[in-house]
There are 2 protein chains.
Amino acid sequence: MTTYKLTYFNIMGLGETIRYMLSYLGKDFEDFRINDYPSWVNEFKQKMPFEKVPLLEFDGHRLHQSMAICRYFAKEAKLNGDNAWEELQIDMIMDSFVDFRHAVWAYFYNKDENNKEHLKGMLFKKTVPLYLGKFDKLFEEQGYLANGKLSWADLYFAAVIGYFSFMLQLDIVKEYPNIGAFREKIHAIPNIKAWLDKRPTTEW
Amino acid sequence: MTTYKLTYFNIMGLGETIRYMLSYLGKDFEDFRINDYPSWVNEFKQKMPFEKVPLLEFDGHRLHQSMAICRYFAKEAKLNGDNAWEELQIDMIMDSFVDFRHAVWAYFYNKDENNKEHLKGMLFKKTVPLYLGKFDKLFEEQGYLANGKLSWADLYFAAVIGYFSFMLQLDIVKEYPNIGAFREKIHAIPNIKAWLDKRPTTEW
């Protein structure tokens with residue numbers, strides 16, 4: 001029997017996307033969480049592919065990269081689009097999300113306070129309204145991020161809203177009501193709800 | 001008959017990945033290049049999906065995001081892996097490349113000279129050797145980025161080596177001989193060679 005072990009930090013972060021996907025598929029997994037920064041640096045980091053987590057292990061395999069992993073399991077879950085054209089629509093929106101993610105990271109993980117303050121201006125004036133505005137509009141018009149139906153992109157996005165709300169200190173589901181309604185819809189999926197009911201509470 | 005129009009800047013940059021992929025498939029395309037920054041900002045930027053290029057237009061469609069576009073055409077070119085597991089291997093390495101790309105961008109496009117100098121230290125001491133070292137090793141051991149055979153990831157990576165060499169001011173193909181040998185192999189593919197012979201010469 002295949003057993004899954006997810007290694008990530010004790011936050012939602014990007015690891016939460018894999019927790020959502022495995023939960024959607026009804027797969028049990030060991031939710032291994034690295035609790036402190038020193039043990040990450042001293043025990044784990046060097047052993048990870050490209051020195052990053054999440055890492056998903058099963059049947060002797062070591063998978064990394066949250067999007068690649070979610071796209072892979074999406075095929076089993078039939079959440080990857082019905083053909084190459086639908087897959088393209090999902091990939092285009094997710095790669096745009098990656099651009100957004102890196103803009104937010106460049107701000108949030110910035111250790112240079114002057115530079116951080118400068119980036120903050122651009123981020124909140126331009127980037128956040130552009131991306132979250134477009135995502136919100138997509139949900140309003142089509143209900144989902146791509147193809148007007150549920151895909152792994154939706155599970156992924158719903159899973160990181162808490163993480164991004166924390167990084168931006170912005171109540172995304174309140175500021176963008178269609179994102180809020182979308183997340184409620186995803187969170188009502190029984191297997192997702194079951195995960196939410198049992199997951200550890202973390203701030204981000 | 002389908003006609004393709006690629007809109008990008010007058011550089012190799014990320015647009016070159018789509019130029020390689022379309023060339024590999026033997027598809028002609030209009031190689032439309034925006035030559036100056038003011039016209040980008042004033043004429044084009046607002047009209048682009050998420051205000052970015054490359055943009056690929058055909059049959060009334062407007063495709064964006066270089067990786068999503070290359071993955072889509074890879075299916076036609078049979079360069080996407082033979083099954084979900086092989087696709088996963090390609091996606092994992094490409095998403096790691098995206099992490100590398102953003103680390104390089106955070107440095108290269110940085111307008112804060114102090115912050116840039118700080119990032120430069122980390123980049124050249126840690127990030128560049130880690131990523132380019134692993135890519136070089138993959139080429140040495142397996143000949144390709146994933147599955148030991150040609151995929152869209154290889155075309156994509158070969159297409160951006162010039163761009164990254166410029167951003168890093170590092171002669172990548174000289175510093176990493178297996179990357180160099182790999183690029184020669186890709187550049188010897190007849191349809192790619194035909195593109196190289198006719199493309200405009202640009203510095204990056």
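Computed from a predicted model, the values in this text were never measured in an experiment. (Residues numbered from 1 in each chain as written. Chains lettered and ligands numbered in written order. Predicted model: local features only at pLDDT ≥ 70, side-chain atom pairs only at ≥ 80, totals over all residues. Heavy atoms only, no water.)

### Digging into the overall build of chain A
For step 1, the next point in the chain: Counting its secondary structure elements, chain A contains nine helices and four strands.
For step 2, the next point in the chain: Ordered by position from the N terminus, the helices and strands of chain A form the series β-α-β-α-β-β-α-α-α-α-α-α-α.
For step 3, the next point in the chain: Taken against the 2.2 N^0.38 rule, which gives 17 Å for 204 residues, the C-alpha radius of gyration of chain A at 17 Å falls within 12% of a compact globule.
For step 4, the next point in the chain: On the principal axes, the C-alpha backbone points of chain A span a range of 50 × 45 × 30 Å.
For step 5, the next point in the chain: When the accessible area of chain A is evaluated, it comes to approximately 9200 Å², of which 50% is carbon and sulfur surface.
For step 6, the next point in the chain: Both charge centroids of chain A, one from 26 positive and one from 28 negative side chains, sit 1 Å from each other. (Helix = DSSP H or I, 4+ residues; strand = E, 2+ residues; numbered from the N terminus. Rg over C-alpha atoms; globule rule 2.2 N^0.38 Å. Areas by Shrake-Rupley, 256 points an atom, 1.4 Å probe, with all protein chains shown as cover. Lys, Arg positive; Asp, Glu negative; His and termini not counted. Charge placed at Lys NZ, Arg CZ, Asp CG, Glu CD.)

### Points about unusual backbone geometry
Residue and element names in this part refer to chain A.
For step 1, the next point in the chain: Here V53 and P54 are connected by a cis peptide whose omega angle stands at 10°.
For step 2, the next point in the chain: With respect to the helices, strands and loops of the structure, P54 is situated in the loop between α2 (37-44) and β3 (55-58).
For step 3, the next point in the chain: One non-glycine residue, Q65, adopts positive backbone phi at about 75°.
For step 4, the next point in the chain: The topology assignment puts Q65 in the loop between β4 (61-64) and α3 (66-77).
For step 5, the next point in the chain: According to the relative accessible area criterion, Q65 is buried, its value standing at 13%. (Buried < 20%, exposed > 50% of the residue type's maximum accessible area, 1.4 Å probe, protein only.)

### Description of the nonpolar core
Generally speaking, soluble globular proteins have nonpolar side chains that are buried together.
For step 1, the next point in the chain: Counting residues in each nonpolar core, the largest one holds 151 residues, and the members touching the most others are F135(A) and F135(B).
For step 2, the next point in the chain: Contacts of F135(B), omitting those with residues within four sequence positions, involve F50(A), I93(B), F97(B), L145(B), F157(B) and I179(B). (Core = buried A, V, L, I, M, F, W, Y, C linked by side-chain atoms within 4.5 Å. Contact = heavy atoms within 4.5 Å.)

### A short note on the sheet that holds β4(A)
Residue and element names in this part refer to chain A.
For step 1, the next point in the chain: Strands sit in the order β2-β1-β3-β4 across an open sheet of four strands; the sheet is mixed. Taken across any chain shown, the strands that pair with only one partner, and hence form the sheet edges, are β2 (29-34) and β4. For this sheet, the mean angle separating the axes of adjacent strands, direction not counted, is 20°.
For step 2, the next point in the chain: Pairing analysis gives six bridges linking strand β1 (residues 4-9) to β2, with the strands arranged parallel. Within β2, the position partnered with Y4 by the bridge is F29. (Pairing = 2+ DSSP bridges. Axes fitted to C-alpha atoms, helices over the stretch in contact; angles between N-to-C directions.)

### Details of the packing of helix α4 (residues 84-108) of chain A against helix α6 (residues 152-168) of chain A
Residues and elements named next belong to chain A.
For step 1, the next point in the chain: For the pair α4 and α6, the least separation of the axes is 12 Å and the interaxial angle reads 15°. In terms of orientation, α4 and α6 fall into the roughly parallel class. Viewed along their axes, α4 and α6 form a crossing whose handedness is left-handed. Mapping the contact onto sequence places I90, D91, I93, M94, F97, F100, R101, V104, W105, Y107 and F108 in α4 and W152, A153, Y156, F157, V160, Y163, F164, F166, M167 and L168 in α6.
For step 2, the next point in the chain: Counted by class, the contact of α4 with α6 contains 19 nonpolar, no polar and two charged residues. (Parallel < 35°, antiparallel > 145°, perpendicular 65-115°, else oblique. Left-handed = near helix turned anticlockwise from the far one by under 90°. Nonpolar A, V, L, I, M, F, W, Y, C, P; charged D, E, K, R; others polar.)

### Notes on the UniProt feature "domain: GST C-terminal" (unreviewed entry) in chain A
For step 1, the next point in the chain: UniProt's entry tags residues 83-204 of chain A with the feature "domain: GST C-terminal" (unreviewed entry), counted in the numbering of this structure.
For step 2, the next point in the chain: As annotated, residues 83-204 of chain A comprises 79% helix and 0% strand, and the C-alpha atoms at either end are separated by 35 Å. (UniProt positions renumbered as here; feature names shortened; annotations may be inferred.)

### Observations regarding helix α9 (residues 190-198) of chain A
Residue and element names in this part refer to chain A.
For step 1, the next point in the chain: Those residues of α9 that sit buried are I192, W195 and L196. Looking down the long axis of α9, one finds its buried residues gathered within 100° of arc, a one-sided arrangement. Summarising the geometry of α9, the exposed residues directed more than 90 degrees from the buried face are P190, D197 and K198.
For step 2, the next point in the chain: Tucked into the core, α9 has its buried residues touching α1 (15-24), β2, α6 and α8 (177-187). (Arc of directions from axis to C-beta.)

### Details of the pattern of salt bridges
Residues and elements named next belong to chain B.
For step 1, the next point in the chain: Summed over the entire model, instances satisfying the criterion amount to 30 salt bridges over all chains.
For step 2, the next point in the chain: Residue R199 pairs with E16 through a salt bridge whose shortest N-O separation is 2.7 Å. Residue R199 is found in the segment after α9 (190-198), and its partner E16 is found in helix α1 (residues 15-24); the two are separated by 183 residues along the sequence.
For step 3, the next point in the chain: Taking relative accessible area as the criterion, E16 reaches 1% and is therefore assigned buried.
For step 4, the next point in the chain: D31 is the salt-bridge partner of R33, the closest N and O atoms lying 2.8 Å from each other.
For step 5, the next point in the chain: Residue D31 is classed as partly exposed on the basis of its relative accessible area of 22%. (Salt bridge = Lys/Arg side-chain N within 4 Å of Asp/Glu carboxyl O.)

### What to know about the UniProt feature "domain: GST N-terminal" (unreviewed entry) in chain A
For step 1, the next point in the chain: Per the UniProt annotation, the sites labelled "domain: GST N-terminal" (unreviewed entry) are residues 2-81 of chain A.
For step 2, the next point in the chain: Along residues 2-81 of chain A one finds 38% helix and 25% strand; the C-alpha atoms at either end are 26 Å apart.

### Section: the sheet that holds strand β1 (residues 4-9) of chain B
Residues and elements named next belong to chain B.
For step 1, the next point in the chain: The sheet built from four strands is open, its strands ordered β2-β1-β3-β4 with mixed pairing. What marks the edges here is a single partner per strand, and that holds for β2 (29-34) and β4 (61-64). With direction set aside, neighbouring strand axes in the sheet form an average angle of 20°.
For step 2, the next point in the chain: Of the strand pairs in this sheet, β1 and strand β3 (residues 55-58) are connected by three bridges, and their pairing is antiparallel.

### A look at the packing of aromatic side chains
Aromatic ring pairs are defined here through the distance separating the ring centres and the angle between the ring planes.
For step 1, the next point in the chain: One pass over the full model with this rule turns up 62 aromatic pairs over all chains.
For step 2, the next point in the chain: Ring geometry for Y72(A) versus W85(B): centroids 5.5 Å apart, planes at 75°, classification edge-to-face. Here Y72(A) is found in helix α3, whereas its partner W85(B) is found in helix α4 (residues 84-108) on a different chain.
For step 3, the next point in the chain: You can call W85(B) partly exposed: its relative accessible area is 27%.
For step 4, the next point in the chain: Arranged with centres 5.3 Å apart and planes meeting at 50°, the rings of Y8(B) and F9(B) form a pair that is tilted. (Phe/Tyr/Trp six-rings, centres within 6.5 Å; stacked < 30°, edge-to-face > 60°.)

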